[in-house]
Amino acid sequence: FQARRNGSGSLVLGLEYIHYRFDLDYQSSRVSMDIVDLRILALARLTLFELRGAPFLAMGFGGYLELHLYDRAEITGEDRRIELEPVSVGLVVELLVTPVHVALPNNRGTLVPGLFARAHRGLTSQYRDDLGSSAPLSSMTFGVSLGWILSLPGEGSRR
C-alpha cells in the first residue's frame, strides 16, 4: 500500500513473509536454524527517475518491525541453548523499478507491479545463546512487488 503526492515520493506500508535458514557454527557444535517471521515495513520512497510522468526508479528508506512466528533449531554436537526474541526492529533501504502503471477505474488509484532489492539491518538482537552471544540479523531480499497507489484528496485523476 502506498500513498503518493505530486510525483516526488510516496509513503509505503507493507507486509512480508520471511523464512530464514542458516547455520551457526560453534567450536563443538553446529545449530541449523529454520525461522519464520512476519515483517511490517514503513518506507519513505523518493522517485529517482520518471518515465512518461510516472515513477520508474525509486529509492526507499525506513524501518520495520519483525514478529517471530515459528522456529526450529536442530543442534548437532554439544547441546546449546538458543532463545529467539518475539519481536525485533530494524532499518531497511530499497531500490525499486516499476516499468508499468495500471490506472484503476473510477479514480480508485493505480496498480504498480515492480522489481525490488532491499537490505535489512536489525537494530535489536533477534537471538541469544548460552555463551552470551547476541546479534541482530541482516538480510538482503530480491523480489516482485505489487503496489497500490491511492489517489489523495484534491489530486483528482492527476498522478
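A brief structural summary. (Residues numbered from 1 in each chain as written. Predicted model: local features only at pLDDT ≥ 70, side-chain atom pairs only at ≥ 80, totals over all residues. Heavy atoms only, no water.)

### Observations concerning the side chain of Ser125
Phase 1 of the analysis: If you trace the backbone, Ser125 turns up in the loop between β8 (110-122) and β9 (127-129).
Phase 2 of the analysis: Judged by its relative accessible area of 15%, Ser125 falls in the buried class.
Phase 3 of the analysis: Side-chain polar atoms of Ser125 contact the backbone oxygen of Tyr127, separated by 3.1 Å.
Phase 4 of the analysis: Sequence-distant contacts of Ser125, defined by excluding residues within four places in its chain, comprise Glu85, Ser88, Ser134, Ala135 and Pro136. (Helix = DSSP H or I, 4+ residues; strand = E, 2+ residues; numbered from the N terminus. Buried < 20%, exposed > 50% of the residue type's maximum accessible area, 1.4 Å probe, protein only. Polar contact = N/O pair within 3.5 Å; in protein donor to acceptor, adjacent residues only side chain to side chain. Contact = heavy atoms within 4.5 Å.)

### Examining the sheet that holds strand β5 (residues 82-84)
Phase 1 of the analysis: Across the sheet, which stays open at both edges, the three strands sit in the order β5-β9-β10 with antiparallel pairing between neighbours. The open sheet has two edge strands with one neighbour each: β5 and β10 (134-135).
Phase 2 of the analysis: Relative to β9, β5 runs antiparallel, the two being bridged by three bridges. Bridge pairing in β9 places Leu84 opposite Tyr127. (Pairing = 2+ DSSP bridges.)

### Focus on the pattern of salt bridges
Phase 1 of the analysis: Under the defined criterion, the tally for this structure stands at nine salt bridges.
Phase 2 of the analysis: A salt bridge links Asp34 to Arg21; the nearest nitrogen and oxygen atoms lie 3.7 Å apart. You can see Asp34 sitting in strand β3 (residues 29-51) and its partner Arg21 sitting in strand β2 (residues 9-25), a full 13 residues away along the chain.
Phase 3 of the analysis: Given a relative accessible area of 65%, Arg21 falls into the exposed group. (Salt bridge = Lys/Arg side-chain N within 4 Å of Asp/Glu carboxyl O.)

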